[in-house]
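# Examining the three-dimensional arrangement
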Amino acid sequence: MKTVLRLLLTVVILSSCSPLSLYYREGETVSRMQAETQKCQVDALQDVPVANQVRQSPPTYWPGRTYCDGRGRCYRSPGWWQPGQVYTVDVNKTLRNQVEAQCMAQKGYRPVSLPPCKQGVKSQVPRTRTTTLPPLSTQSCFVKIEGGSFQIITPGQAG
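Summarised in this report is the structure supplied together with it. (Residues numbered from 1 in each chain as written. Predicted model: local features only at pLDDT ≥ 70, side-chain atom pairs only at ≥ 80, totals over all residues. Heavy atoms only, no water.)

### Looking at the packing of helix H2 (residues 30–47) against helix H3 (residues 93–106)
The test is simple: Axis geometry follows a simple rule: fit a line to the C-alpha atoms, using only the stretch in contact for helices, then measure angles between N-to-C directions, giving values from 0 to 180 degrees. A helix here means a DSSP run of H or I that spans at least four residues, while a strand means a run of E at least two residues long, and both kinds are numbered starting from the N terminus. For classification purposes, an angle smaller than 35 degrees is called roughly parallel, one larger than 145 roughly antiparallel, one from 65 to 115 roughly perpendicular, and anything else oblique. The handedness criterion is simple: a crossing whose near helix is rotated anticlockwise from the far helix by less than a right angle is left-handed, and one whose near helix is rotated clockwise is right-handed. Residues are treated as being in contact if the distance between any of their heavy atoms lies within 4.5 Å. The nonpolar class holds Ala, Val, Leu, Ile, Met, Phe, Trp, Tyr, Cys and Pro. Asp, Glu, Lys and Arg form the charged class, and all remaining residues, Gly among them, are polar.
Packing of H2 against H3 leaves a shortest axis separation of 8 Å and a crossing angle of 140°. In terms of axis orientation, H2 runs oblique to H3. Crossing of H2 over H3 shows right-handed handedness. Residue-level inspection shows Met 33, Glu 36, Thr 37, Cys 40, Gln 41, Ala 44, Leu 45 and Asp 47 of H2 in contact with H3, the latter providing Arg 96, Val 99, Glu 100, Cys 103 and Met 104. Partitioning the contact of H2 with H3 into residue classes produces seven nonpolar, two polar and four charged.

### Overview of the state of the cysteines
What counts, and what does not: Only a pair of cysteine sulfur atoms within 2.5 Å qualifies as a disulfide here. When accessible area is computed with a 1.4 Å probe and restricted to protein chains, residues below 20% of their type maximum are described as buried, those above 50% as exposed, and intermediate ones as partly exposed.
All chains considered together, the criterion is met by three disulfides. Paired through a disulfide, Cys 40 and Cys 103 show a sulfur-sulfur distance of 2.0 Å. Taking the sign of the S-S torsion, -70° for the link of Cys 40 and Cys 103, the bridge is left-handed. Taken together, the residues Cys 40 in helix H2 and Cys 103 in helix H3 connect sequence positions 63 residues apart. Across the pair, exposure class does not vary: Cys 40 and Cys 103 are buried alike. One disulfide bridge connects Cys 68 with Cys 74, the sulfur atoms lying 2.0 Å from each other. Between Cys 68 and Cys 74, the S-S torsion sits near 100°, and that sign places the bridge as right-handed. Sequence-ordered numbering of the bonded cysteines in the protein chain yields a pairing of 1-4, 2-3, 5-6.

Quick look at the structure:
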């Protein structure tokens, strides 16, 4: 149970450090952007469905070890093969992501990735959920807000 809690805590900590990736069109409402994104994702999934392939990485050979006793007699343990890992790959994922991005581009959106705001920036701005996509600069960052929403902050700009 402790291991599960540690893993969950690690995932939460790491996810709080990850960037916010979204499609962006200045002045658009977040709800409309999310609806447009979902529509493009569904359309892309219909046009380029999931095509999973099961694959296996190559096996690895581990040679045996040589052991020698105090009288100088040496023995070699047998080597062994470790089978390759079995994994699944969606061979259409890259194309599906491109179709989604093209759909959003046709609607006037571009993909952006914003870093999380540093504590000094977060502490100077009242916490309010972003409802309309604001102008961005190279200094723009984001703050996660409970419930899955976010706040985009551009230091030096009012609002």
